[in-house]
Amino acid sequence: MIKQRIALLLAALMLLGTFGLAGCKKDEIPHLSFVDGNGNYVLDADRDLVADAPTDPALWRDPDVLTFSYAPLGSGGVYATLFDHFVEFLKEKTGKEVVQQVVEHESSAIVDMRDHKLDIGSFAAGTTCYAVNLAGYVPYAVKGTAAGPQSYRLGVVVTEENFQSGKFTTLADMKDAYVAHATATSSSGHIAPLALLPQEGITPGVDY
């Protein structure tokens, strides 16, 4: 039921963003992207695939208190203190009060950013396109260290019993099995398997 509600919410947002940028070739992108929560038009006049700042300086926002949120794929409560150090970093660099806003799902963060209730957000890779197309999100940084951006590996998880019995030890063993993917907007949990597993001879939705 929760996943159905989330899917309906994202679908509703996509309808509100009728002129969304997804699926268009760069030279076909309409100048009007969508209308934000205050009824203002959000444009992509230079067609760089992200929203432009309003041409009227009167529409620029300079809040005294900045809100930050990490957009989770699951319950947001587990991230309540994880970004405390980053919040302090933002305070130091901006000279403003920064409040971390805990949301329960990525779709809530997209709605809040669209309605100007969220100023700075950290979105998963798979969710970024929705935030760009539906909330005017402008990506400008990725997680990492002084050595460079962070990366991660895609893994397939099976029970200890199935592994020890030899039932699932290679990707080929996934054929004709029931395999669960994560949230549909998750890069590592859904989008990456769709793109990478066929290269290994396993096609999601066909072989399992």
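Use the structure listed above.
Presented here is an overview of the structure given in this document. (Residues numbered from 1 in each chain as written. Predicted model: local features only at pLDDT ≥ 70, side-chain atom pairs only at ≥ 80, totals over all residues. Heavy atoms only, no water.)

**Topic: the overall build of the protein**
Right, so step 1: Of regular secondary structure, the protein possesses 6 helices and 7 strands.
Right, so step 2: Starting at the N terminus and ending at the C terminus, the protein contains elements arranged as α-β-β-β-α-β-α-β-α-β-β-α-α.
Right, so step 3: Counting all 208 residues of the protein, 31% fall into the buried class.
Right, so step 4: If you take every contact in the protein between residues at least 6 apart in sequence, the share linking residues at least 24 apart comes to 53%.
Right, so step 5: When the accessible surface of the protein is split by element, carbon and sulfur atoms take 58% of a total near 13400 Å². (Helix = DSSP H or I, 4+ residues; strand = E, 2+ residues; numbered from the N terminus. Buried < 20%, exposed > 50% of the residue type's maximum accessible area, 1.4 Å probe, protein only. Contact = heavy atoms within 4.5 Å. Areas by Shrake-Rupley, 256 points an atom, 1.4 Å probe, with all protein chains shown as cover.)

**Brief notes about a nonpolar patch on the surface**
Right, so step 1: Residues Val156, Val158 and Phe163 make up a contiguous nonpolar surface patch of about 250 Å² in total accessible area.
Right, so step 2: Note on placement: Val158 falls in the loop between strand 7 (148-149) and helix 5 (160-164).
Right, so step 3: Its relative accessible area of 34% is what places Val158 among the partly exposed residues. (Patch = residues over 30% accessible without salt bridge, like charges linked within 9 Å, V, L, I, M, F, W, Y side chains within 5 Å. Salt bridge = Lys/Arg side-chain N within 4 Å of Asp/Glu carboxyl O.)

**Concerning the sheet that holds strand 4 (residues 97-100)**
Right, so step 1: Taken in spatial order, the 3 strands line up as 4-3-5 in an open sheet, and their pairing is parallel. Only two strands of the sheet have a single neighbouring strand rather than two, namely strand 4 and strand 5 (120-122). Neighbour to neighbour, the strand axes of the sheet diverge by 20° on average, direction disregarded.
Right, so step 2: As paired elements, strand 3 (residues 65-70) and strand 5 share 3 bridges and run parallel to each other. Among the inter-strand pairings, Ser69 is bridged to a residue of strand 5, identified as Gly121.
Right, so step 3: Of the strands in this sheet, strand 3, strand 4 and strand 5 touch helix 2 (residues 84-94), which is tilted by about 155° from strand 4. (Pairing = 2+ DSSP bridges. Axes fitted to C-alpha atoms, helices over the stretch in contact; angles between N-to-C directions.)

**Overview of the nonpolar core**
Right, so step 1: Counting residues in each nonpolar core, the largest one holds 13 residues, and the members touching the most others are Ala109, Ile110, Met113, Phe123, Ala131 and Tyr137.
Right, so step 2: Secondary structure elements with two or more residues in this core: helix 3 (106-114) and helix 4 (125-135).
Right, so step 3: With 4 residues, helix 4 is the single largest residue contributor to this core.
Right, so step 4: For Met113, the contacting residues outside a window of four places in its chain are Leu118, Asp119, Ile120, Gly121, Phe123, Ala135 and Tyr137. (Core = buried A, V, L, I, M, F, W, Y, C linked by side-chain atoms within 4.5 Å.)

**Describing helix 3**
Right, so step 1: Most of helix 3 is tucked away, with 7 of its 9 residues classed as buried.
Right, so step 2: All of the buried residues along helix 3 are Glu106, Ser107, Ala109, Ile110, Asp112, Met113 and Arg114.
Right, so step 3: One or two positions beyond helix 3, positive phi appears at His116, with a value near 65°.

**Describing the pattern of salt bridges**
Pairs can form between side chains of opposite charge once their charged atoms are near each other.
Right, so step 1: Under the criterion given, the structure shown has 5 salt bridges.
Right, so step 2: Residues Arg61 and Asp119 are paired through a salt bridge, measuring 2.9 Å at the closest nitrogen-oxygen approach. With Arg61 in the loop between strand 2 (41-43) and strand 3 and Asp119 in the loop between helix 3 and strand 5, this residue pair connects regions lying 58 residues apart in the sequence.
Right, so step 3: Between Arg114 and Asp115 there is a salt bridge, and its shortest N-O distance comes to 3.6 Å.
Right, so step 4: Overall, Arg114 belongs to the buried group, its relative accessible area being 12%.
Right, so step 5: Residues joined in a network through salt bridges with shared partners are Glu88, Lys91 and Glu97.

**Describing the packing of aromatic side chains**
Right, so step 1: Overall, the coordinates contain 5 aromatic pairs when judged by the stated rule.
Right, so step 2: Seen from their ring centres, Phe123 and Tyr137 are 4.7 Å apart, and the 70° between their planes marks the pair as edge-to-face. With Phe123 in the loop between strand 5 and helix 4 and Tyr137 in the loop between helix 4 and strand 6 (144-145), this pair connects stretches of sequence that are 14 residues apart. Per residue, the accessibility class of Phe123 equals that of Tyr137, and both read buried.
Right, so step 3: Site record: aromatic cluster; members linked through ring pairs are Phe68, Tyr70, Phe83, Phe86 and Phe89. (Phe/Tyr/Trp six-rings, centres within 6.5 Å; stacked < 30°, edge-to-face > 60°.)

**Some thoughts on the environment of Phe123**
Right, so step 1: In this structure Phe123 comes out as buried when scored by relative accessible area, which is 10%.
Right, so step 2: If we skip the residues at most four places from it in the chain, Phe123 touches Ala71, Glu106, Ala109, Ile110, Met113, Thr128, Ala131 and Tyr137.

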